[in-house]
Amino acid sequence: MGKEFSFQWHITDFCNLRCKHCYQDIFDRSRELTYDRLIHIIQDISGFLKEQGFERLSINITGGEPLIYPYINPILKALDEIDIIDEINIITNGIIMPDIVLKGRYERLKYLKVSLEGAREETNDLIRGRGIFKRVIGNLKNTNYNFLLMFTLAKYNYRELDDMYRLSQNLGAKGFILERFIPLGEGSKIKDMVLNSKDWYQVVDRVATWADLTVEDLLPYKAFYIDFEENRILGALCNLGESCAVMPNGDVYPCRRFPLVLGNLSQESFSKIYPKILDFRANFTKDKLKGKCFLCAMEDCIGCRALSFSLFSDSFAEDYQCWL
């Protein structure tokens, strides 16, 4: 299998919702770059990766809300013409019908990843606003695009896992994704909603039951993808060093949940920033981690550095959600 890289591309901060758990604290168009500058950035990234022997690049386009960005179609068309790009997904809140906004069928566009905060109207609308659940469900029932549901787990929804599973199946989703709430931006106001180690254990234990595995088998994973098409459950390890996030103004973060600027693609090339992404990941060796993470014998796990940073302002602190 060839070398792969992925990044989450925030093309705008502008959004039509104000979700209580949002990572953002800016919601306007003040940081947007011009369309020509965005195309330069993707050509710079893809060209560098190709030169370095990477065979596949996957991109998650998001915002803000990407489907209200005026140049979403030209961007998708441009991405479709770059051969190293293997897969494009759009992360959306589902308020706008994609069948109306998207003006063509793009070969590399695989999924719409539609965010909900629960399998029940009252749970979702607590975070996303009154009436949002019914509106999104109605749109999903009428779309011709392949979609996944995305749930960000916190204390207000983690007991709805089986309901999330059933909802995803009943709506015809190709699968669903479970991630964890990290308190950044607006979300820092509800920091008390972060799952503790006992809560997270219950989540992983339930996923293990679906996968016919033990909870210990899934200990290192920080997110899960329940893939209905392939009838499998995939766990996501920390992807620091193998991915990044590009913000609307060109700032590059090592991870969207880790708001540390490693460089800016409107001012410097990706060839200068990529080594910083690798160096950032290499910094988190076991001997530098603290608490139980320092003592942990599990080689592939460094906990969640973003969670430690958001909770304790210390990226080397022990993982708050690990139950060991």
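Here the structure is a predicted model, which means the values were calculated and not measured. For every chain, the first residue of the written sequence is number 1, and numbering continues from 1 onward in sequence order. In keeping with the predicted nature of the model, local features appear solely for residues at pLDDT of at least 70, side-chain atom pairs appear and are counted solely at 80 or more, and the whole-chain, interface and lining totals rest on all residues. Hydrogens and waters are ignored; side-chain quantities use all the structure's heavy atoms.

What follows concerns the packing of aromatic side chains. Stacked, edge-to-face and tilted labels apply to pairs of Phe, Tyr and Trp rings (six-membered ring for Trp) whose centres lie within 6.5 Å, assigned for plane angles under 30 degrees, over 60, and everything in between, in that order. With the rule as written, the count across this model stands at 24 aromatic pairs. Geometrically, the ring pair formed by Phe7 and Trp9 is tilted, given 5.9 Å between the ring centres and 55 degrees between the ring planes. Under the relative-accessibility criterion, Phe7 is labelled buried at 3%. Relative to Phe224, the ring of Tyr221 has its centre 6.3 Å away and its plane inclined at 65 degrees; by these criteria the two rings are edge-to-face. Burial classes follow relative accessibility: with a 1.4 Å probe on protein chains only, a residue under 20% of its type's maximum area counts as buried, one over 50% as exposed, and anything between as partly exposed.

It is common to report an interface's size as the accessible area lost on association of the parts. Domain delimitation in this document rests on an assignment produced automatically or drawn from a domain database. The domain boundaries assigned to the protein delineate domain 1 (4-285) and domain 2 (286-323). Here the C-alpha centre of domain 2 lies 23 Å away from the C-alpha centre of domain 1. Taken together, the contacts link 25 residues of domain 1 with 23 residues of domain 2. Simply put, the buried area is the total loss of 1.4 Å probe accessible area from both parts when two parts are fitted together. Both faces considered, domain 1 and domain 2 share a buried interface measuring about 2,300 Å² in area, 70% of it formed by carbon and sulfur atoms. Each salt bridge in this description consists of a side-chain nitrogen of Lys or Arg and a carboxyl oxygen of Asp or Glu lying within 4 Å of one another. Counting the contacts that link domain 1 with domain 2 gives one salt bridge. When the shortest N-O distance is used, the salt bridge between Asp319 and Lys222 registers 3.2 Å. Polar contacts here mean pairs of N or O atoms no more than 3.5 Å apart (in protein, one a potential hydrogen donor and the other a potential acceptor; neighbouring residues in sequence count only if both atoms are side-chain atoms). Remark: the boundary between domain 1 and domain 2 carries seven residue pairs in polar contact (both at pLDDT 80 or more). Here the side of domain 1 that touches domain 2 takes four residues from helix α7 (residues 197-211), the largest share from any one element. Three residue categories are used. Nonpolar comprises Ala, Val, Leu, Ile, Met, Phe, Trp, Tyr, Cys and Pro, charged comprises Asp, Glu, Lys and Arg, and polar comprises the others, including Gly. Of the residues in the side of domain 1 that touches domain 2, the class split is 16 nonpolar, four polar and five charged. For this analysis, residues touch if any pair of their heavy atoms sits within 4.5 Å. Think of it this way: any DSSP run of H or I at least four residues long counts as a helix, any run of E at least two long counts as a strand, and we number them from the N terminus.

Glancing now at the sheet that holds strand β4 (residues 109-116). With mixed pairing, 11 strands are arranged side by side in an open sheet as β8-β7-β6-β5-β4-β3-β2-β1-β9-β10-β11. Two strands close off the open sheet at either side, each with one partner strand: β8 (232-236) and β11 (263-264). Against the sheet, helix α1 (residues 35-51) contacts β1 (3-10), β2 (54-62), β3 (85-92) and β9 (243-246), and its axis sits at roughly 155 degrees relative to β2. The rule for pairing is simple: two strands pair if DSSP sees at least two bridges between them. Lines are fitted to the C-alpha atoms to define the axes, a helix being fitted only along its stretch in contact, and any angle between axes, read from their N-to-C directions, falls within 0 to 180 degrees.

Attention shifts here to the packing of α1 against helix α8 (residues 270-282). A packed helix pair is summarised by two numbers, namely the angle formed by the two axes and the spacing between the axes. Put simply, α1 and α8 touch, their axes get as near as 9 Å, and they point 65 degrees apart. Between α1 and α8, the crossing angle belongs to the class labelled roughly perpendicular. In the crossing of α1 with α8, the sense of the turn from one axis to the other is right-handed. Contact residues: α1 offers Asp44, Ile45, Phe48 and Leu49, while α8 offers Phe270, Ser271 and Tyr274. Split by residue class, the contact of α1 with α8 holds five nonpolar, one polar and one charged. With respect to orientation, any angle under 35 degrees is reported as roughly parallel, any angle over 145 as roughly antiparallel, any angle of 65 to 115 as roughly perpendicular, and every other angle as oblique. Two helices that cross are described as forming a left-handed crossing if the nearer one is turned anticlockwise from the farther one by less than a right angle, and a right-handed crossing if clockwise.

The next subject is the pairing of β1. Across eight bridges, β1 lies against β2 in parallel orientation. Residue pairing across strands places Phe5 opposite Leu57, the latter belonging to β2. Handedness of a crossover is defined as follows: with both strands directed away from the viewer, a clockwise route from the first strand across the helix to the second makes it right-handed. Handedness of the β-α-β unit built from β1, α1 and β2 comes out right-handed. Two strands pair when backbone bridges link them, and β1 and β9 are joined in this way by four bridges, in the parallel orientation. Each bridged residue has a counterpart across the sheet, and for Ser6 the counterpart in β9 is Ser243.

Neither face of β9 is left uncovered, since the one carrying Ser243 and Ala245 and the one carrying Cys244 and Val246 both have all their residues buried. For β9 and strand β10 (residues 251-253), the ladder comprises two bridges, and the chain directions are antiparallel. Within the sheet, the bridge partner assigned to Val246 lies in β10 and is Val252. Hairpin connection, β9 to β10: the antiparallel pair is bridged by four residues, and Gly250 has positive phi, about 95 degrees.

We define the nonpolar core as a collection of buried residues of types Ala, Val, Leu, Ile, Met, Phe, Trp, Tyr and Cys that are connected through side-chain atoms lying within 4.5 Å of one another. One finds Phe5, Phe7, Trp9, Leu79, Leu149 and Phe270 to be the most contacted residues of the largest nonpolar core, which totals 98 residues. Top contributing element to this core by residue count: α1, with six residues. In this structure, this core is formed jointly by two domains, domain 1 (4-285) and domain 2 (286-323), each of which donates at least three residues. When sequence neighbours within four positions are dropped, the list of residues in contact with Trp9 reads Leu38, Ile42, Ile59, Asn60, Ile61, Thr62, Ile75, Leu79 and Val246. Counting six residues, the second-largest nonpolar core is a separate cluster that includes Ile91, Leu148, Ile177 and Tyr225.

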